[in-house]
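Residue-level structure breakdown
Below are the chains, spelled out letter by letter.
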Amino acid sequence: MKYAFYPGCSSQSTAKEYENSVKAISEVLDIELVEVPGWNCCGAIDAVYSFKPLYSIALAARNLAIAEKMQMDLTTPCSACYFTLSKTNSILKEDSEKKTKVNEALQTAGLSYNGGVKVRHFADVIFSDIGLQKIKEKVKAPLTALKVASYYGCFLVRPSSICSFDNPEHPTHLDDLAETLGASPVDYYGKTRCCGASLGFTDEDIMLKMSKEILLSAKNAGADCMATACPLCHFNLDARQKDIESHFNIRIDLPVLHFTQLMGLAFGIEPKQLGLNRNCVSPNNISPLAVARASNKT
Amino acid sequence: MLHEKKKFDTVTKTIQATPHQGSRKDFLREVMKLPGGEKILECIQCGSCAGGCPTRFAMDYSPMQIIKMINLGMKKEVLSSSTIWICSTCYTCSSRCPRDVGFATLMMALKNKAIQENMVKNPINSKFHRYFFEVVNKYGKLHEPSLFLKLLDKTDINGLRSNLGLGLRLLKKGKLEMRAKKIEQTSILSAMLEKTDERGTS
């Protein structure tokens, strides 16, 4: 299967390991990812949109216009990019005046967009196009006894008018995926609560509190680790976990993996190839890594 | 919880005591034209939005109150509220609203309106959006360190210390790219901006 691949800005900095693991598992599952040539920032609703609405839509539309020429579905592993690009599709469909203006802007870049690109989250591709059966066939090192708290957050499943491949309040696909990998899914309060998103930049205390509650509810439900499907959620829950610990004077120590890293481990891919050395909360103590290390020695 | 109840009662009393403002219908009409504002008259004040809101604890007015205030024409209070900035657009409210009011989408539009009408309560909030735009418009992509440095309050010693910790942590993990990667055709960005620029936002 072949897709136009939109990596998103964080793939080049704070979430390099996410992209590494996406590419590593794609190889195993025969998914061909063709990067959208010359892609730019997705348009970042709500960050850019709130300041320059039409410019934000034009930025998104430029990516979509390039992808339209590729004649494939577009997939991105970032939930925020997924939302922005999908939302742009729906805005341009409903508002012909905006569509005309945006196309005038695109003309300056020698492009035009007709609205024909289907935008898919990478988790949707894995779940709906590849399917659990094929994934099961590729599992070489089942994550037996690992308790995984899958974290859906917001834009992967909401708003359901745009991000519609699972239930907005009780999604299950990441849990089903974890089970297929041999792990035990953990049910917990925080799985669709917001991590605080970009409030970390402006109102840090609020973000720290929101992410703390998610982490603690997963930990208290007995999770050995969490699995995310968005680089910003991952940043708040993993890279900022130490800040949460010191802000509230508590100990959490809960590894947070990108769901693709978890898949990679079950497929028997080297931890380093999945970028696990880049995760801030060390995942070394969770069992599949121990299993992977043991099997490497033999 | 008692504290919450007290806060709610006080705000409700303020709203009830506020006479319909002269330009009530004007503001309501303006909001109804914004994305997310179309169905604002459908609100039945059931409170599902406020009940599910994960950032309600930090807002001055709850989502449900903001909708009521828009209906009452309380433009100044709405546009200078902290609510519109603290909303993280998680869409929990929109998912639960039985009347299909697009609250989260409306919050993005109200942020823009508050910037245009110069009514932003806390400057850091609009700065974030301005700087985010500036970085993206310069490189074509988000370069996190540039955004971070622009936002950093150089007079806040404690803040600097904790941010230094985060910075070093990211650096150690190879997650900080100090040099921004630009897209090849950065010239198209300003051309696109010119074509899409809206009144009073630059």
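Quantities reported herein were computed from a predicted structural model and do not represent experimental measurements.

1. Some details on the overall build of chain B
If you tally the helices and strands in chain B, you get twelve helices and zero strands. Listing each helix as α and each strand as β along chain B from the N terminus yields α-α-α-α-α-α-α-α-α-α-α-α. Considering only C-alpha atoms, chain B reaches an extent of 55 × 45 × 30 Å along its principal axes. Here chain B, with 202 residues, has 49% of them falling under the buried criterion. For chain B, the proportion of contacts with a sequence separation of at least 24, taken over those separated by at least 6, is 64%. With an accessible surface of roughly 10,400 Å², chain B has 54% of that area assigned to carbon and sulfur atoms. Distance between charge centroids for chain B: 4 Å, based on 34 positive and 19 negative side chains.

2. Description of the pattern of salt bridges
In total, this model carries 27 salt bridges over all chains according to the counting rule given. Lys191(A) is the partner of Asp187(A) in a salt bridge, and the nearest nitrogen-oxygen pair spans 3.8 Å. Its relative accessible area of 12% is what places Lys191(A) among the buried residues. In this structure, Lys75(B) engages Glu117(B) in a salt bridge whose closest nitrogen and oxygen atoms are separated by 3.0 Å. Of this pair, Lys75(B) sits in helix α5 (residues 75–79) while Glu117(B) sits in the loop between α8 (103–116) and α9 (123–139), and the two are 42 residues apart along the sequence. Of the residues examined, Glu117(B) reaches a relative accessible area of 28% and is grouped as partly exposed.

3. Structural notes on the interface of chain B and chain A
On the chain A side, the residues contacting the 60 residues of chain B number 60 residues. Carbon and sulfur atoms supply 63% of the area buried between chain B and chain A, which totals about 5,600 Å² over both sides. Counting the surface chain B buries against chain A, the share from its top three residues, Arg169(B), Lys175(B) and Met192(B), is 13%. Measuring nitrogen to oxygen at the nearest pair gives 2.5 Å for the salt bridge that ties Arg96(B) to Glu169(A). The interface formed by chain B and chain A holds 24 residue pairs in polar contact (both at pLDDT 80 or more) in total. Contributions of two or more residues to the side of chain B that touches chain A are made by α6 (83–86), α7 (92–96), α8, α9, α10 (144–151), α11 (157–172) and α12 (187–196) of chain B. Its residues assigned to classes, the side of chain B that touches chain A comprises 28 nonpolar, 19 polar and 13 charged.

4. Focus: the sheet that holds strand β6 (residues 184–185) of chain A
Residues and elements named next belong to chain A. Strand order in the open sheet formed by four strands is β6-β5-β7-β8, with parallel pairing between adjacent strands. Looking at the sheet topology across the chains shown, the edges are occupied by β6 and β8 (256–258). With two bridges joining them, strand β5 (residues 147–150) and β6 adopt parallel strand pairing. Along β6, the bridge assignment pairs Val-148 with Pro-185.

Cut-off values and rules
- Residues numbered from 1 in each chain as written.
- Chains lettered and ligands numbered in written order.
- Predicted model: local features only at pLDDT ≥ 70, side-chain atom pairs only at ≥ 80, totals over all residues.
- Heavy atoms only, no water.
- Helix = DSSP H or I, 4+ residues; strand = E, 2+ residues; numbered from the N terminus.
- Buried < 20%, exposed > 50% of the residue type's maximum accessible area, 1.4 Å probe, protein only.
- Contact = heavy atoms within 4.5 Å.
- Areas by Shrake-Rupley, 256 points an atom, 1.4 Å probe, with all protein chains shown as cover.
- Lys, Arg positive; Asp, Glu negative; His and termini not counted.
- Charge placed at Lys NZ, Arg CZ, Asp CG, Glu CD.
- Salt bridge = Lys/Arg side-chain N within 4 Å of Asp/Glu carboxyl O.
- Buried area = accessible area lost by both parts, 1.4 Å probe.
- Polar contact = N/O pair within 3.5 Å; in protein donor to acceptor, adjacent residues only side chain to side chain.
- Nonpolar A, V, L, I, M, F, W, Y, C, P; charged D, E, K, R; others polar.
- Pairing = 2+ DSSP bridges.

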